[in-house]
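Chain and residue survey
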Amino acid sequence: MEEIRSAMEQQMDLMADLVQKLSGELRTGFQPAYENFIGFLHAIDWKEPWIMGLMAFHALVLIVTLASRRHLNFHMFLFLLALGGVYFAESLNRVLRKNWRSFSTQNYFDPHGAFLSVLWSGPLLVIAIIILINTLFSLCYLIVKWKRAELRHRARLARSKQE
């Protein structure tokens, strides 16, 4: 019995060490990514007019999305526009990389498109997800409404047969 207890304690100590190492690695594992992201944000000149215009565009599209949440057809149009913007981001990055001197003080457009992915595609994808979630909630509401109408109709049919 003592051997089993010592084996269990050894196993528990081993598991505790593994969990402690894993949590330590996770804590230090996200630190370089966080520092890279903060460095990325500090490298951007947020006072450039075209970047402020881009942020205003995304804010406007978000406000329109939230204000028009009851209009599903318009939301589908916005959804397709947002996903189209994400689809054409690579081509847009290529064009902007060639012509950056005409509107910017520095070249933000790397060959991999990281800048455009963060500042163009990222907000558009967030807006598309908001539209998708709203559409799913609307569909759930419509299913419930339809089912209630169906149950009322069946109840009316049962009452008419009883009379």
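Values in this document were obtained by computation on a predicted structure and should not be read as measured data. Within each chain, residues carry numbers counting from 1 in the order of the written sequence. Totals for whole chains, interfaces and linings use all residues, but because this is a predicted model, local features are given only for residues with pLDDT of at least 70 and pairs of side-chain atoms are given and counted only at 80 or more. Side-chain numbers here rest on the full set of heavy atoms in the structure, without hydrogens or water.

For the rest of this paragraph, the subject is the pattern of salt bridges. Each reported salt bridge corresponds to a side-chain nitrogen of Lys or Arg within 4 Å of a carboxyl oxygen of Asp or Glu. Under the defined criterion, the tally for this structure stands at three salt bridges. The salt bridge partner of Glu 90 is Arg 94, with a shortest N-O separation of 3.9 Å. Of the two residues, Glu 90 and Arg 94 are both situated in helix α4 (residues 89-98); the distance of four residues between them amounts to about one turn of the helix. For Arg 94, a relative accessible area of 37% puts it in the partly exposed group. With its nearest N and O atoms 2.8 Å apart, the salt bridge here joins Arg 154 to Glu 150. Residue Arg 154 and its partner Glu 150 are located together in helix α5 (residues 114-162), separated by four residues, close to a single helical turn. The partly exposed category is assigned to Glu 150, whose relative accessible area is 22%. Counted as one network, the salt bridges with shared partners bring together Lys 147, Glu 150 and Arg 154. The helix count covers DSSP runs of H or I at least four residues long, the strand count covers runs of E at least two residues long, and both are numbered beginning at the N terminus. Here the term buried applies to any residue with accessible area under 20% of the maximum for its type, exposed to any over 50%, and partly exposed to those in between, with areas from a 1.4 Å probe on protein chains only.

The next point concerns the packing of aromatic side chains. Any pair of Phe, Tyr and Trp rings, taking the six-membered ring for Trp, is counted once the centres come within 6.5 Å. Such a pair is stacked with planes under 30 degrees apart, edge-to-face with planes over 60 apart, and tilted for the rest. Counting across every chain of the model gives eleven aromatic pairs. A ring pair is formed by Trp 50 and Phe 103, whose centres lie 5.3 Å apart and whose planes are at 85 degrees; its orientation type is edge-to-face. One end of the pair, Trp 50, is in helix α2 (residues 49-67); the other, Phe 103, is in the loop between α4 and α5, with 53 residues separating them in the sequence. Ring pairs connect the aromatic residues Phe 40, Trp 50, Phe 103, Tyr 108, Phe 109 and Phe 115, which therefore count as one cluster.

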